[in-house]
Each structure stands twice: as C-alpha cells, then as structure tokens.
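The chain contents come next:
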Amino acid sequence: MRKVYFDHSATTPVRPEVVDEVCTSLKENFGNPTSLHYFGRQVRKDVEAAREKVAAAIGAIPNEIVFTSGGTESDNMAIHGVAMSNKNKGNHIITSAVEHHAVMNTVKALGKEGFTITILPVDKYGMVSVNDVVAAITDKTILITIMHANNEVGTIMPIQEIAKLAYARGIFMHTDAVQSFGKIPVNVNELGVDLLTISAHKIYGPKGVGALYIRKGTRWKQSLFHGGAQERLRRAGTENVPGITGLGKAAELAMADLPKETEYLKTLRDRLIRQVTTKIDRVKLTGHPDKRLPNHASFTFEFIEGESMLLSLDMKGIAASSGSACTSGSLEPSHVLLAMGIPHEIAHGSIRITLGRDNTMEDIDYFLEVMPPIVDRLRAMSPLDQETEFASNGGCDACKSSGSCKS
Amino acid sequence: MYTEKVMDHFENPRNVGEIENPDGVGQVGNPTCGDIMKIYLKVNDDNVIEDVKFKTFGCGAAIATSSMVTEMVKGKTLDEALKISNKAVADALGGLPPKKMHCSNLAADALQAAIEDYMSKKGKK
Ligand SMILES: Cc1ncc(COP(=O)(O)O)c(C=O)c1O
Ligand code: FES
C-alpha cells in the first residue's frame, strides 16, 4: 500500500546526510568535549562547528547558542530563567492562548509561584493582536513569550512588531520558533527577539536535541538544571554530542534548501487547500489563509470526529493528526482551536496535514482521491442532523479577540 | 493501539443506519469527550429485539462499540439486552485501551435509553 507521511509538524524523517553525521559522531568520536586530551578536543571541535552552523542559520553569534534536549527544555529554560533573573524588576509575564504546552504550562507554573500572567486571546485565525500586547504591558512586565508559528493551525505571528514594543519598554522577548525554523526565514535580528527556541526533530534532525538562542546581554540565568559547568554554565550535563552534530547538519541543510523548499511546499499546500475546500462540503480551513506556514494545511470537517478520520486515513496509508478531544489523551479538544472561537463540536472534527520535502503532488492527489469517500462514509454514520445542527457560529460573535480582525 | 476486532468493527460496522418507525430510540452524549450516539430498536410482541441500528459521532472505539453492542443484542429479549454491561462489550472487542474504556459507556447507555424509550411508549399505549 502507498504510504504517505503528512505529519511533519509532529516530527520529520531524519535526512541521510544527518544520519551520516550522527553515525560518525557515535562511531568515531566518542570523547567528552570537556576533556583536555586529544579525544575530548576532537569532539569539542565538532560541537563548536555545530554551534556555528546553528548560529549562522538564525543570524546569531555562536556564543549565543545553548544546546538543550529539545524544544520543551529550551522553552522551559528560557521562560523560567528570565523570570528568576528579573524578579527584582517585576513579576508580570505575557503569553498567548495558543502556545505549545511547553510554553503554556511553564508560564502557568510560574503563575503559581507569585508571577502574574496575562494570556492574550487570539482572533479567528489564531493571530495575536499587537494592540492587545500594548494594552497588556505594565510596569511590572518582564517577559513576553509568543510563538513564531503555531503548530496546530500554522498561523505566523507578528513577532517583529511585538518584539519592537518589548524592546522599547525594556521587556525581554522570547519566541518559540520550533515550527517556523527551516520553513520560513528565522533571523533573530530581524525578529528582534532576545530568546528563541528551536528543535532538531522538526527540521529532519534527531529527536531529543534542540537549542536556545540567548541574545548577548540578556538578563537570563540557568535556573532549572544544577550541575557541571557545561555550555558556559548555561546548561549542565555532558553534551548530547551525536544529537548536537546532527542538529548542526540539519540546520545547515535547511538553510541551503530554504527558498526552494518554501516555494515547493507552498505549491503542494495551495493545491491541497483549494481542492479540499471545493471538493468536500462543510469544510473550513483553520488558521490564517496567507500568513501561514508553507507546509501547513488544517481543516475542520463538520459532523465527523477527528480520530475516526485519522484511523480511516491510516487504513489507506496516510498519516495525519487531529486536535479532536478523542485523540488528545486529555479528552479535551485542542486549546488552540477553542481559543480561536471554534465550538467544541467543530473542533472535534479537526485534522492537520503538514507537508515535508519528500511529499509529491501525487501524494496530494492520492489524498484528494481517498478523503471524500472517507468523509461520506463517516457522515453517513453520524447521528447529527446535518441540516440544522451546527448552524454556523464561527463568525465574529464567537471570536474572543478584541482588535485585529475587523473583516 | 486498537485490537483487530475493534478495527474490523470500525471498518465494517454492523447495523449502521436508522429504522423507520422504530419502537424505541435512544440518544446519548458522551460527557467525557462530547461524542454522540443514537440507537434505534424494533421490538416484537415477545419483547425480542428484532432489529437494531445505530448512528455514532465519535472515535474509532465509539463506532466499534456501537457496532458490537448492536450485534450482541439482536435476537435477544429486552431483559437479556439490559444485562449487557460496558465491560462485556469491551471484552467482546478483545479489550479497549484504558483511555478508551469510557467510549463503551456510550453504546450501553444508548441501548438502555432506547429500551427505556420503548418501555415508556408501550406503557402509554
Ligand atoms: C511549537 C512547539 N514548541 C515546542 C515543541 C516541543 O519540542 P520538543 O518535541 O523538541 O520538546 C513542539 C513540538 O511538538 C512544538 O510544535
Ligand atoms: S468517543 Fe471520544 S474518545 Fe471515544
């Protein structure tokens, strides 16, 4: 059976060049980069070469890159570290309602430790309004953390504008760029951020390794890990050398391929979105129509539940994901879709198709051939009254945002 | 994560659809995750379930348990049908993942609601 992987926001296959890099590191250079001797020095070189590659990919200087165990650790470390180091200045943190749990739960945990939290609403596209940020800033604000691109709906946030505001007020700005890095240009100076999170396994690198960019001069201290002096006191623990070299290679390759790949993915994505929304009834695109990741298409299908769609697709060899309650583990629909004002029962029918460099137009056509009968079959099984139920309330009333969408 | 039995009932659900002029109908919503199931019954004079159909909006486990419960009650008396527990349905499917056990409640609850509907209609006659 044809196998089609459409879940690149969850993780990506490791590129062969990256596998080679990791294998070389494992097989040939086993030393501890902290060691003084030959074995250590060899490995130190590899780690620093990887640091240079990652720095170059985001316009940073190598010293500003700290290697971590992935996106989750980078987010925790960034937020907690800024909070702890700036307690004397203030205790207010601003974030958005659509953050990844790695950010959301870190911020909420600080909320229980005496910090005041503002969780900004989003509009129906999942977009934070810059005006809302302005209104939320107080004299006590020390950190704004808002993701660059959303993992569930692909919306790209106005980070540059928000960071400008933060800078003008002397507030540190962190962004989670796990989903945007490698798909759209991510440059720390253009974005104007102080801290930025990336993760290797979303850019065809290995799992369990990532990096945190910390701008020189940022008041930040490691506040979670206690241990040795690795990573210039910023991240204790012997370095994950194979992972780090893999991340370096993956970042280098991603940068080389970026312009070409963005265009290619957009072509696939646009055909997918156009065809799905015309071929199938009562389907809506979730997320922003233009300001979205080039590889990201996400929909809600009325009257059917996401997990049953995923199972049906899986039986046809297609791998996708859903924000439905039944697939969430917590049995709550995605907090992102709910924050966008999408009602529970519609969020229940969400699916996400995230494309990657190995996908082809034939994959898209295969999906377009397979999906309509799946939808028909599941709708025929649905007890919902398809004439009267779900009378559309996706309009402006349902939208919890103040500003940005006046359309 | 699902057994072959579950996947079989998901892929080829038995007794999907509606019954025209049913003797009993039950619809329940799943409080845990918001799914919905509807069961239709045709009951003969000996209180035997002659026909049963279902419609479900829910996950794979919800669809499979719906299908299984209809298969289990067809030809049974109402008393026998009422004795079928959620666990019995899950067991007949070769088990469900722990997180999905609540889905089997949906099927048994809808069946119960349909039988109660039949009883109350009959009582009124
Ligand atoms: C936006 C975002 N942030 C953080 C993470 C977590 O990254 P990791 O899996 O490397 O911990 C993910 C991955 O799911 C993500 O999509
Ligand atoms: S019915 Fe929602 S998890 Fe099974």
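Residues numbered from 1 in each chain as written. Chains lettered and ligands numbered in written order. Predicted model: local features only at pLDDT ≥ 70, side-chain atom pairs only at ≥ 80, totals over all residues. Heavy atoms only, no water.

Chemist: Please clarify how the site of ligand 1 should be interpreted in this entry.
Modeler: Residues and elements named next belong to chain A. Around ligand 1 sit 13 residues, and of these T72, D176, Q179, S199 and K202 come closest. Q179 places a polar side-chain atom, nitrogen or oxygen, 2.8 Å from an oxygen atom of ligand 1. The protein chains hide 84% of the 390 Å² of surface that ligand 1 would expose on its own. The dominant element in the shell around ligand 1, judged by the number of residues it contributes, is helix α3 (residues 71–85), at three residues. Here the shell around ligand 1 is composed, by residue class, of two nonpolar, eight polar and three charged. (Near = heavy atom within 4 Å. Polar contact = N/O pair within 3.5 Å; in protein donor to acceptor, adjacent residues only side chain to side chain. Areas by Shrake-Rupley, 256 points an atom, 1.4 Å probe, with all protein chains shown as cover. Helix = DSSP H or I, 4+ residues; strand = E, 2+ residues; numbered from the N terminus. Nonpolar A, V, L, I, M, F, W, Y, C, P; charged D, E, K, R; others polar.)

Chemist: What should I look at first to understand the interface of chain B and chain A in this one?
Modeler: How large an interface is tends to be reported as the accessible area lost when its parts come together. Counting residues at the interface gives 24 residues for chain B and 21 residues for chain A. Together chain B and chain A conceal approximately 1800 Å² of surface at their shared face, both sides included; 70% is due to carbon and sulfur atoms. Looking at the side of chain B facing chain A, the largest losses of area belong to B:F10, B:K55 and B:F57, adding up to 33% of the total buried there. Where chain B packs against chain A, one counts one salt bridge. Note that A:E307 is salt-bridged to B:K100, the shortest N-O span being 2.7 Å. Breaking the side of chain B that touches chain A down by element, the ones donating at least two residues are α1 (4–11), β2 (36–43), β3 (49–57) and α2 (60–73) of chain B. A breakdown of the residues in the side of chain B that touches chain A according to their chemical character gives 12 nonpolar, six polar and six charged. (Contact = heavy atoms within 4.5 Å. Buried area = accessible area lost by both parts, 1.4 Å probe. Salt bridge = Lys/Arg side-chain N within 4 Å of Asp/Glu carboxyl O.)

Chemist: What exactly am I supposed to notice about α3(A) here?
Modeler: Working note: α-helix, 3.6 residues per turn, so residues spaced by three or four point in the same direction. Residues and elements named next belong to chain A. The end-to-end C-alpha distance of α3, which contains 15 residues, comes to 21 Å, matching closely the 21 Å that a straight helix rising 1.5 Å per residue would cover. Within α3, 12 of the 15 residues are buried, leaving the element largely enclosed by the surrounding structure. Considered for burial, the residues of α3 that qualify are G71, E73, S74, D75, M77, A78, I79, H80, G81, V82, A83 and S85. (Expected span 1.5 Å × (residues − 1). Buried < 20%, exposed > 50% of the residue type's maximum accessible area, 1.4 Å probe, protein only.)

Chemist: What's the story with the sheet that holds strand β12 (residues 350–354) of chain A in this structure? I'm lost.
Modeler: Within a beta sheet, neighbouring strands are joined by backbone hydrogen bonds and run either parallel or antiparallel to one another. Residues and elements named next belong to chain A. Reading across from one edge, β9-β10-β12 is the order of the three strands in this open sheet, with antiparallel pairing throughout. Two strands close off the open sheet at either side, each with one partner strand: β9 (283–285) and β12. When strand polarity is set aside, the average angle formed by the axes of neighbouring strands in this sheet is 25°. With respect to the sheet, helix α9 (residues 241–279) is in contact with β9, β10 (296–301) and β12, its orientation differing from that of β10 by roughly 15°. The strands touched by helix α10 (residues 306–315) within the sheet are β10 and β12, with β12 carrying the most contacts at an inclination of about 45°. (Pairing = 2+ DSSP bridges. Axes fitted to C-alpha atoms, helices over the stretch in contact; angles between N-to-C directions.)

Chemist: Which parts of the structure should I look at to understand the pairing of strand β5 (residues 141–145) of chain A?
Modeler: Where a strand is regular, its side chains alternate between the two sheet faces. All names here are of chain A. Here β5 lies mainly inside the structure; five of its five residues are buried. Of the strand pairs in this sheet, strand β3 (residues 92–96) and β5 are connected by four bridges, and their pairing is parallel. By the bridge assignment for β5, H92 is matched with T141. Alignment of β5 against strand β6 (residues 172–176), held across three bridges, turns out to be parallel. The residue of β6 that forms the bridge with I144 is M173. Assessed by its sense of winding, the connection that carries the chain from β5 through helix α6 (residues 159–168) to β6 is right-handed. (Right-handed = clockwise from strand over helix to strand, strands pointing away.)

Chemist: Please explain a nonpolar patch on the surface as it appears in this structure.
Modeler: A cluster of nonpolar side chains, contributed by A:F30, A:Y38 and A:F39, occupies part of the molecular surface with about 390 Å² of accessible area. You can see A:F30 is positioned in the loop between α1 (16–28) and α2 (38–58). (Patch = residues over 30% accessible without salt bridge, like charges linked within 9 Å, V, L, I, M, F, W, Y side chains within 5 Å.)

Chemist: How should unusual backbone geometry be read in this particular structure?
Modeler: Backbone phi values are negative for most residues with the exception of glycine, while trans is the configuration of most peptide bonds. For A:R282, which is not glycine, the phi dihedral falls at a positive 50°. As for its position among the elements, A:R282 is in the loop between α9 and β9. Taking the relative accessible area as the measure of exposure, A:R282 reaches 33% and is therefore partly exposed. Backbone geometry places B:N21, a non-glycine residue, at a positive phi of 45°.

Chemist: Is there a simple way to explain the domain arrangement of chain A in this structure?
Modeler: Residue and element names in this part refer to chain A. As assigned here, chain A comprises domain 1 (4–8 + 258–392) and domain 2 (16–254). Measuring from the centre of the C-alpha atoms in domain 1 to the corresponding centre in domain 2 gives 29 Å. Listed per partner, the contact involves 24 residues of domain 1 and 27 residues of domain 2. Of the roughly 2100 Å² buried where domain 1 meets domain 2, counting both sides, 61% is carbon and sulfur surface. Looking only at domain 1, the three residues that lose the most surface to domain 2 are L258, L293 and H335, adding up to 29% of its buried area. Linking domain 1 with domain 2 are zero salt bridges. (Domains from an automatic or database assignment.)

Chemist: Got a minute to help me understand the pattern of salt bridges in this structure?
Modeler: Where side chains of opposite charge bring their charged atoms close, a pairing between them can arise. All names here are of chain A. A full pass over the atoms with the stated rule returns 24 salt bridges over all chains. Linking D7 and R352 is a salt bridge whose minimum nitrogen-to-oxygen distance equals 3.2 Å. Taken together, the residues span a long stretch of sequence, with D7 in the loop between β1 (4–5) and α1 and R352 in strand β12 at a distance of 345 residues. D7 gets classed as buried once you look at its relative accessible area, which sits at 13%. With a shortest N-O distance of 3.1 Å, R357 and D257 are connected by a salt bridge. Here the residue R357 occupies a position in the loop between β12 and α13 (361–381), and D257 occupies one in helix α9, the gap between them amounting to 100 residues. Since its relative accessible area comes to 27%, R357 is described here as partly exposed. Here the salt bridges do not stand alone but share partners, grouping R15, E17, D257, E261 and R357 into one network.

Chemist: Help me understand the packing of α10(A) against α1(B) in this model?
Modeler: For any two helices packed against each other, one specifies the crossing angle of their axes together with the interaxial distance. Running from N to C, α10(A) and α1(B) cross one another at 100°; their axes reach a closest spacing of 11 Å. Between α10(A) and α1(B), the angle falls in the class roughly perpendicular. Judged by residue contacts, A:S308, A:L311, A:S312 and A:M315 of α10(A) engage B:M7, B:F10 and B:E11 from α1(B). Here the residues of the contact of α10(A) with α1(B) are counted per class, giving four nonpolar, two polar and one charged. (Parallel < 35°, antiparallel > 145°, perpendicular 65-115°, else oblique.)

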